[in-house]
Amino acid sequence: MLAISLECRQMAFGYPNLRSRGAAVPILGEIDAVFPGRRITLVSGRSGVGKSTLLHLLAGLLRPTQGEIRADGQPVSRWLTAHRDRWRRQVGILFQQDHLIGHLTVLENVILPLIPRSGDLRQWRTQGMEMLARLKLDELAGQPAAFLSGGQRQRVAAARALVGAPDYIVADEPVAHQDRENARGLGGLLRQAADRGAVVVVAAHDRHVDEWLAVDGHLHLEHGTLHPAS
Amino acid sequence: MTSNGLARILWAARELRAHPGSTLAVMAALVLLTALLAGGLLLSQALTATTARLLDQGPDLVVRRVSPVGWQPVQVQDAALALAVPGITAARLRIWGTVKTPDQTVTVVAADDAAMRRMALPQTLHPPAPGEAIAGQGVILSETDGRLALQGATALMTRVAQRFPSNSDLATYDVVMLHPRDARTLLGLAPVQASDLALSVFHPEEAAALMPDLIRAFPWPVHISTRLDTRKAYAAAFGRRGGLGSLLYLPAALALVLLAAAVIRQQMGDRARMGLLKALGWTGRDILALQMAKALLVSLPAVAAGLVTAYGLVYGPTQSWVGRLLLGWQTTPPRLQLDAGYAAPIFLEVGGMLLVPFLAAVLAASLGLASSDPQDLLNRGG
């Protein structure tokens, strides 16, 4: 079976220039890159260089201003919103900020991606609890997310990204607040996802990534373009 | 409903529970708005319907003798003059009039066995014996021993032996029913006299056409009223009050606009969360379904509760203040009979009038959210 992939083709992105209403402020230049399935690709780069923007583009949260993104050969970045929304169900995203909903419990936050899919509350609960157990968070399932520490919040966000067994996983600084043991635990889950065929893209500027994650490829983002890391 | 559909509704309820203050405020506003609008319309409609039903049971034509100084009694033999007119099938002498009690003005009606049967009164009521009376719910008894002092052409002290039940028709509200002999004495009528003549005709729709013949049949001036005339007079009276009541629509419409604006504002404040849901795989349709489910969970029970409240205010035991406010009733008003044929359209009309704009406002706001890119929503939501 052929592995799935995410691919950037001459992709560029800039935010609209609100002051002059002129050309977009360029963030990413023409990027050509392939993120294959069954592999974990690390994207490194300085803070503010555009790693998060690249991940949001790959996850379908933004549209490129030029070029396109292909998922499994399909130009998903050009699709109509309704179709892209549906495709996004195959994506698991771990934001740099955790974006948890404070008034919901930990378990409720984790099952959010499952609700629009098939199944019922019992199934969602079972899946959510399994994922929380793998991240050693099952005892916190009933707690409101607002009461968690930074590290716990990040792991809950990771559980939420992985609970639906997505085909495409983008993780932005996933272990910024984790100790080594929890970081390794999360790295293990990302490896399992890759082993079952998923495309995994991780953005980090941490030089010690290899202590918790066995990456298969490493790209460096600099001046808006991606290069193989030396 | 599928288990997934039920689970999504439960989720929408869970989201509402997270903001109990704003949810309850919107619900309370909708309940009040619905009760206010439906209450006014139901009362007006119930009175019109009840009056129409009463008039349908009454005579086709009523003939009163008039003179330059006012009403004059008719004679027993005058019934024969009316029956001589082709098209008149029955003529009945009626003894009635308005008199005073120490507290109010009441309508005195004479009733014997035949009259009681004709009026379809509850079987528990018996025709009043001489010296006795049956009083309506609106008649105030000032005497502790159940006696009632009446002042007409003469004074009469009578004992209220029975009262019309509280669920009696509107017509019995301020009525004191007496034995015919007592009624004649009180109203100053001789034994061969009556207040007016109630006539039945062969074709009720042609009643007005018989009026010229009837005027010629009597040797003295008469005033003749048809059932249609009476119905129009009542309809005009209720219409005037209804017109005043319709002024309620203006503030109600404004309140609805403000309510919808508040809900839209709340939804716009939710943009970041909606962006997050889209990022997590919710489609625009899922977002739309969630927002509409929340709106329905709030508005349907609230409108239903408002309609039930309006029903209780008009038909229930707490109706007195509505009658006092809108119709100036001084005592416990008569219980109105619910006619589903009249009430159901009002329920639908008011329910639709409030639900449609409310849901449309939510839908319009949600469409914007549903069609946006998730990152836009996350950024604009802060």
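Going by the structure above, here's the rest.
Residues numbered from 1 in each chain as written. Chains lettered and ligands numbered in written order. Predicted model: local features only at pLDDT ≥ 70, side-chain atom pairs only at ≥ 80, totals over all residues.

Visitor: An account of the pairing of strand 10 (residues 175-178) of chain B is requested, with residue identities and associated values reported.
Guide: Consecutive side chains along a regular strand alternate between the two faces of the sheet. Residue and element names in this part refer to chain B. Across the two faces of strand 10 the burial is the same, with Val175 and Met177 and Val176 and Leu178 all buried. Where strand 7 (residues 132-135) meets strand 10, three bridges bridge the pair, whose relative direction is antiparallel. Considered in strand 10, the bridge of alanine 135 is made with valine 176. (Buried ≥ 20, exposed ≤ 12 C-beta atoms within 10 Å, placed from the backbone. Helix = DSSP H or I, 4+ residues; strand = E, 2+ residues; numbered from the N terminus. Pairing = 2+ DSSP bridges.)

Visitor: Please set out helix 9 (residues 271-279) of chain B residue by residue, giving values where relevant.
Guide: Within the span of helix 9 of chain B, buried status applies to B:Met274, B:Gly275, B:Leu276, B:Leu277, B:Lys278 and B:Ala279. A positive backbone phi angle near 105° is found at B:Gly281, which sits one or two residues after helix 9 of chain B.

Visitor: Lay out the sheet that holds strand 2 (residues 25-36) of chain A with the relevant residues and their values.
Guide: Residues and elements named next belong to chain A. Pairing is antiparallel in the open sheet, where three strands are placed in the order 2-1-4. Edge positions in the open sheet fall to strand 2 and strand 4 (66-71), since each of these has one partner strand only. The sheet shows a mean angle of 15° between the axes of neighbouring strands, direction not considered. Relative to strand 4, strand 1 (residues 5-15) runs antiparallel, the two being bridged by five bridges. Bridging from a neighbouring strand, leucine 6 pairs with alanine 71 of strand 4. (Axes fitted to C-alpha atoms, helices over the stretch in contact; angles between N-to-C directions.)

Visitor: How would you sum up the interface of chain A and chain B? Please name residues and give values.
Guide: The interface of chain A with chain B comprises 24 residues on the first partner and 22 residues on the second. Listing elements by their share of the side of chain A that touches chain B, those giving two or more residues are helix 2 (81-87) and strand 5 (91-94) of chain A. Sort the elements by how many residues they give to the side of chain A that touches chain B and helix 2 of chain A lands first, with four residues. Residue composition of the side of chain A that touches chain B, by class: 11 nonpolar, seven polar and six charged. (Contact = placed C-beta atoms within 7 Å. Nonpolar A, V, L, I, M, F, W, Y, C, P; charged D, E, K, R; others polar.)

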